[in-house]
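# Observations on chain architecture
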Amino acid sequence: MSSDGTDLILVSNRGPVTFEAGGEVKRGGGGLVTALTGLASHRDAIWVASALTDEDAAVAAEHDGRPFEVTAPDGSEYRVKLVASDPEAYDRFYNVFANPMLWFIQHYLWDLSNAPDIRRNEVEAFEFGYNAVNEDLARAVLDEITDRDEPVVMVHDYHLYTLPALVRRERPDAFLHHFVHIPWTQPDAWRVLPRNIRTEIYDGLLSNDIIGFHTRAYRWNFLQCCRDLMRYDVDFDSGVVWHHGGHETWVRAYPLPIDAEATQAVARRERVAEFEAELQRRRREHLIIRVDRADLSKNVLRGFAAFDLFLEQHPEFHENVTFVAQLMPSRTDVPEYAEYLERIEALVAVVNHRHGTPDWMPIQLKLRDDLDEAMATYKHYDLLLVNAMFDGMNLVAKEGPLVNENDGVSILSENTGRTRSWASTR
Ligand code: F6P
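What comes next concerns the included structure. Since we're looking at a predicted model, the values are computed, not measured.

### Some remarks on the overall build of the chain
Of the regular secondary structure elements, the chain holds 15 helices and 17 strands. The C-alpha radius of gyration computed for the chain amounts to 22 Å, which stays within 12% of the reference 22 Å derived for 426 residues, consistent with globular compactness. Each principal axis of the C-alpha distribution contributes one length, and for the chain these read about 65 × 45 × 45 Å. Taking all 426 residues of the chain together, 55% fall into the buried category. Here the analysis covers contacts within the chain between residues at least 6 apart in sequence; of these, 75% occur between residues at least 24 apart. Surface accessibility of the chain: about 19000 Å² in total, with carbon and sulfur atoms responsible for 48%. Measuring between centres, the 44 positive side-chain charges of the chain sit 4 Å from its 69 negative side-chain charges.

Here is the structure:
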């Protein structure tokens, strides 16, 4: 433990909170924040993250770039250090390289006959965007661990693959742990990247002592990439990769759980009850739900197309079923995401027009992020649809069944992460 008592450094792009205009504090969205909340609020940790809004950058500047205490809207307390990067570098990092390039590679989303084109824009986005933000965060981590012996640094996700090499170079004694919250694809999916970029990514990751994935399949794919793409020595049984001078990295599968008590506490909130009353008033006899970010990997269009076909083939369900889809708009500065959202809205309009009646709208589309509203639907669904094509660990598929009061069933596609962790615990 360090001299000031803080024994853990967490680092991720998105932090537990963001500041909005007017000083309002908002909880950071997404699975990573949900996953780390317990760890960060129960242990003495500093959470290093990017400043995502102008207000984040202003608050970081007020604290001279040093860590500060903050309370999230749900009452959890954190010690955070927000790091502002150059806006142009951040745009290249987030909107060109991390999303869509890496995200698409890691979810098999590229339609290779059409995209991606790896031109100067993409190469420079790696060099001057992705690496620049990784350097900013690495520097913030290094500053924080200056006075600590053998510090423990936990790095998170696909945004920060090159950061560990920078920390390792300065601090060979650090214990570096990297958790990848999304799938890891097979070697061929990675061949789309130029060899030098690929090498920097793998060398960065293999500077860690441990790399964790949600499932054994993703762990296996990573080991295969290390052997077949990078020609490193790999032991598949023990999950060890040796690279550069014999540095040993352990590769492990840690399926992420949810905090059951915290989830149940949210389900008991008064505001959830208000949403439940509204839902029960508007729904028909059968309730189908989905809750997702509006992301191409979530396979939203096929879900609605399947519902369309279902209504066509089962007229007995007309006026008898409601499909509530709560989708959080995401990464809308990335053209592929903006277009996907438009296609979702258009398809919902078509299905509602085709089957709806003056007083029955088959699909209720809610384009917003509201945990309480989602929780209300979790409690009452008959059917929860989670049909992502690939997901690291879909937490909706865990939260829904935990709080559902209706003997609801789940439809899970095979690669939601959840499906595999279910199978592996049996
Ligand atoms: O799944 C990976 C992840 O980083 C999760 O935290 C979250 O579900 C999502 O991506 C958040 O993405 P973004 O930070 O781009 O909104």
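### Let's talk about the packing of aromatic side chains
In the structure shown here, the tally under the stated rule is 25 aromatic pairs. With centroids separated by 4.8 Å and ring planes inclined at 50 degrees, the aromatic side chains of Tyr108 and Phe390 adopt a geometry described as tilted. Remark: Phe390 occurs in the loop between strand 16 (383-386) and helix 14 (396-403) and Tyr108 occurs in the loop between helix 3 (87-105) and helix 4 (120-145); sequence separation between them is 282 residues. The class of Tyr108 is partly exposed, set by a relative accessible area of 35%. The interplanar angle of 10 degrees and the centroid separation of 5.9 Å between the aromatic rings of Tyr202 and Phe222 together place this pair among those described as stacked. You can see Tyr202 sitting in helix 7 (residues 195-205) and its partner Phe222 sitting in helix 8 (residues 216-228), a full 20 residues away along the chain.

### Section: unusual backbone geometry
In terms of backbone geometry, most residues other than glycine have negative phi values and most peptide bonds are trans. For the peptide bond that leads from Asn99 to Pro100, omega is 15 degrees, which places it in the cis range. Relative to the helices and strands, Pro100 is located in helix 3. Put simply, Ala115 and Pro116 share a cis peptide bond, and its omega is 5 degrees. Examined against the element boundaries, Pro116 turns out to sit in the loop between helix 3 and helix 4. Even without being a glycine, Tyr108 presents a positive backbone phi close to 55 degrees. Residue Glu319 is not a glycine yet carries a positive backbone phi of 65 degrees. Along the polypeptide, Glu319 turns up in the loop between helix 11 (300-313) and strand 14 (321-328).

### Topic: the state of the cysteines
Tallied over the full model, the rule gives zero disulfides. Cysteine Cys225 is unpaired, with the sulfur of Cys226 as its nearest cysteine sulfur at 6.9 Å. Given a relative accessible area of 0%, Cys226 falls into the buried group.

### So, the pattern of salt bridges
With the rule as written, the count across this model stands at 25 salt bridges. With its nearest N and O atoms 3.4 Å apart, the salt bridge here joins Glu124 to Arg92. Residue Glu124 is located in helix 4, and its partner Arg92 is located in helix 3; the two are separated by 32 residues in the primary sequence. Take Glu124: its relative accessible area is 25%, and that puts it in the partly exposed class. One salt bridge connects Arg284 with Glu319, and the closest N-O pair in it is separated by 3.3 Å. One end of the pair, Arg284, is in the loop between helix 10 (270-282) and strand 13 (286-293); the other, Glu319, is in the loop between helix 11 and strand 14, with 35 residues separating them in the sequence. The class for Arg284 is partly exposed, based on a relative accessible area of 23%. Taking relative accessible area as the criterion, Glu319 reaches 31% and is therefore assigned partly exposed. Here the salt bridges share partners, and the residues they tie into one network are Arg269, Arg271, Asp370 and Asp372.

Thresholds applied
Just so you know, the residues in each chain are numbered from 1, in the order the chain's sequence is written. In view of the model being predicted, local features appear only for residues whose pLDDT reaches at least 70, and side-chain atom pairs are presented and counted only at 80 or more, with totals across whole chains, interfaces and linings using the full set of residues. Side-chain numbers come from the whole structure's heavy atoms, not from hydrogens or water. Each helix is a run of DSSP H or I of at least 4 residues and each strand a run of E of at least 2, with the numbering of both proceeding from the N terminus. Note that the radius of gyration is over C-alpha atoms, with the globule rule given as 2.2 Å times the number of residues to the power 0.38. Each residue is assigned to one of three classes by its accessible area relative to the maximum for its type, calculated with a 1.4 Å probe on protein chains only: buried under 20%, partly exposed between the two thresholds, exposed over 50%. When checking whether two residues touch, look at their non-hydrogen atoms; a contact exists if any pair is within 4.5 Å. Reported accessibility uses the Shrake-Rupley method at a 1.4 Å probe radius. Residues are deemed covered only where the shown protein chains occlude them. Charged residues are defined here as Lys and Arg on the positive side and Asp and Glu on the negative side; His and the ends of the chain fall outside this count. Taken as the charge location is NZ of Lys, CZ of Arg, CG of Asp or CD of Glu. Only the six-membered ring of Trp is used, alongside the rings of Phe and Tyr, when aromatic pairs are assigned; centres must lie within 6.5 Å, and planes under 30 degrees apart are stacked while those over 60 apart are edge-to-face, with the rest tilted. Disulfides are defined as cysteine sulfur pairs within 2.5 Å. Between Lys or Arg on one side and Asp or Glu on the other, a salt bridge is scored when a side-chain nitrogen of the former is within 4 Å of a carboxyl oxygen of the latter.

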